[in-house]
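Architecture at a glance
Given next are the chains, with one letter for each unit.
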Amino acid sequence: MNKLLISTALSLLLSAPAFAAGAHDGGHGDDGHGDMHKEMAVGMPGKADAVDRTIEVSMRETDDGEMIFEPAEFDIKKGETIRFAVTNKGEIEHEFVIDTMEGNAEHKEAMAKMDMEHDDPNSVRLDPGMEGEVIWKFANEGNFEFACLIPGHYESGMHGPITVAQSDEAPAAPAVYSTGKIKKVDAKGKKVTIIHGPLENLDMPSMTMVFKADEALIAKMKEGQDIEFVADRVKGKLTVTQMK
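Within the protein chain one finds 3 helices and 15 strands. Within the protein chain, buried positions represent 37% of all 244 residues. Surface exposure of the protein chain reaches about 14800 Å², of which carbon and sulfur atoms provide 52%.

Written as structure tokens, this is what we have:
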């Protein structure tokens, strides 16, 4: 009976299906990154039709034994979608991975323990002479990193900083209109006297004041006219800059 039970158990064990350790060959599905979140700290996968610009990236070895990326660093504006066109110009396999420095450190440690490859939208792995791409939207400001996490490559110099900063093209503040009535128009002197309500953007109360204005605005003004206007200091003088 015992021999029969052992024989049956062995038969069931040998016939059971073998399950892979991760989501892909040598994968890292169990480390929390195999099923990539839609958005990471460094951003999210971008769409090809939304690319703002392309950055050419090459990976290679040097004569003195270093492994490098060119360029060595990236400056990116928050909200940009970048197409990284990556080429392996070296003689051995390399990869290009973008993440936080902590995320890359975790991946590097996991890769050192087993033979595994990345299969995520924030990375591409290339044989010598091959080309690939990563399209990525940088949704958050901060300091991030690109790297090759194949064992030994990071230590040989294959990593660099990604700085994501607020765009210089910040949206202009909305114009603050004030109300008033035109008391006098001096077309020749390019001046207008207005009985106006509070000028909130200048922190001024209601009063009657003389403003400068350009010829185009002066031409639209008439004594006794009720107006909405924007006033600002231009070269030290109170000036009507907009009117409706």
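Having put the structure on the table, let's press on.
What follows covers the sheet that holds strand β9 (residues 142-147). Taken in spatial order, the 5 strands line up as β4-β10-β9-β6-β7 in an open sheet, and their pairing is mixed. The strands lining the two open edges of the sheet, one partner per strand, are β4 (74-77) and β7 (123-126). The average angle at which neighbouring strand axes cross in this sheet is 20 degrees, direction not considered. Where β9 meets strand β10 (residues 159-165), 6 bridges bridge the pair, whose relative direction is antiparallel. For Asn143, the partnering residue across the bridge sits in β10 and is Thr163.

It is worth spelling out the pattern of salt bridges at this point. All chains considered together, the criterion is met by 6 salt bridges. Of the charged contacts in the structure, one is a salt bridge between Arg53 and Glu80, with a shortest N-O distance of 2.8 Å. Separated by 27 residues along the polypeptide, Arg53 in strand β2 (residues 53-61) and Glu80 in the loop between β4 and β5 (81-88) bring together distant segments of the chain. For the salt bridge of Glu70 with Arg60, the shortest nitrogen-to-oxygen distance reads 3.0 Å. On the criterion of sequence distance, the pair formed by Glu70 in strand β3 (residues 67-70) and Arg60 in strand β2 is long-range, its members being 10 residues apart. Residue classification places Glu70 among the partly exposed residues on the basis of a relative accessible area of 34%.

Counting across every chain of the model gives 9 aromatic pairs. Aromatic pair Phe211 and Phe229: ring centres 5.7 Å apart, planes at 70 degrees, arrangement edge-to-face. Of the two residues, Phe211 sits in strand β13 (residues 207-212) while Phe229 sits in strand β14 (residues 226-234), which places them 18 residues apart along the sequence. Overall, Phe211 belongs to the buried group, its relative accessible area being 0%. Ring pairing ties together the aromatic residues Phe69, Phe74, Phe84, Phe96, Phe138 and Phe146, which thus form one cluster. Its guanidinium or amino end placed over the ring of Tyr154, Lys108 lies 5.1 Å from that ring's centre, counting from NZ or CZ.

Here we take up the sheet that holds β5. One open sheet holds the 5 strands; their spatial order is β1-β8-β5-β2-β3, and the pairing between them is mixed. Looking at the sheet topology across the chains shown, the edges are occupied by β1 (44-45) and β3. Note that β1 and strand β8 (residues 131-137) share 2 bridges and pair antiparallel. Across the sheet, the residue bridging to Met44 is Lys137, located in β8.

This next bit is on the environment of Ala41. If you trace the backbone, Ala41 turns up in the loop between α1 (2-15) and β1. Judged by relative accessible area, Ala41 falls into the partly exposed class, the value being 44%. Here the alpha-carbon distance between Ala41 and Gly103, two residues 62 residues apart in the chain, equals 9.5 Å. Residue contacts for Ala41: discarding those within four places in its chain leaves Thr100, Asn140 and Phe144.

Let us now look at the nonpolar core. If you look at the biggest cluster of nonpolar residues, it comprises 30 residues, and the most contacted ones within it are Phe74, Phe84, Phe96, Ile98, Phe138 and Ile162. Among residues more than four places away in sequence, those in contact with Ile162 are Phe74, Ile76, Ile98, Phe138, Gly142, Asn143, Phe144, Glu145 and Phe146. In this structure, Val192, Leu199, Met209 and Met221 belong to the second largest nonpolar core, which totals 18 residues.

A word on the environment of Asp99. Note on placement: Asp99 falls in strand β6 (residues 94-99). In this structure the C-alpha to C-alpha distance between Asp99 and Ala147, which are 48 residues apart in sequence, comes to 8.5 Å.

Right, let's talk about the pairing of strand β12 (residues 191-196) for a bit. In this structure, strand β11 (residues 178-186) lies alongside β12, joined through 6 bridges in antiparallel fashion. Directly across from Ile182, in β12, lies its bridge partner Ile194. Counting the residues in the hairpin turn of β11 and β12 gives 4 residues, including Lys190, whose phi is positive at 55 degrees. Looking at chain direction, β12 and β13 are connected through 6 bridges and run antiparallel. Bridge pairing in β13 links Ile194 to Met209.

Conventions and cut-offs
- All residue numbers refer to position in the chain's written sequence, counted from 1.
- Only residues with pLDDT of at least 70 are given local features in this predicted model, and only at 80 or more are side-chain atom pairs given and counted; all residues enter the totals for whole chains, interfaces and linings.
- No hydrogens and no water enter the side-chain calculation; it runs on all heavy atoms of the structure.
- Counting from the N terminus, the helices are the DSSP runs of H or I reaching at least four residues and the strands are the DSSP runs of E reaching at least two.
- Each residue is placed in one exposure class: buried if its accessible area under a 1.4 Å probe, protein chains only, is under 20% of its type's maximum, exposed if it is over 50%, and partly exposed if it falls in between.
- Under the convention used here, a 1.4 Å probe and the Shrake-Rupley method define accessible areas, while residue burial counts only the protein chains that appear.
- Only when DSSP finds a minimum of two bridges between them are two strands counted as paired.
- Note on geometry: axes are lines fitted to C-alpha atoms, helical ones only across the stretch in contact, with angles between N-to-C directions running from 0 to 180 degrees.
- Here, a salt bridge means any side-chain nitrogen of Lys or Arg that lies within 4 Å of a carboxyl oxygen of Asp or Glu.
- Only centres within 6.5 Å qualify two rings of Phe, Tyr or Trp (six-membered ring in Trp) as a pair; their planes then separate them into stacked at under 30 degrees, edge-to-face at over 60, and tilted for everything else.
- Only when the NZ of Lys or the CZ of Arg is both within 6 Å of the ring centre and within 35 degrees of the ring normal is a charge said to sit over the ring.
- Here, two residues are considered to be in contact whenever any of their heavy atoms come within 4.5 Å of each other.
- Among buried residues, those of type Ala, Val, Leu, Ile, Met, Phe, Trp, Tyr and Cys that are joined through side-chain atoms within 4.5 Å constitute a nonpolar core.

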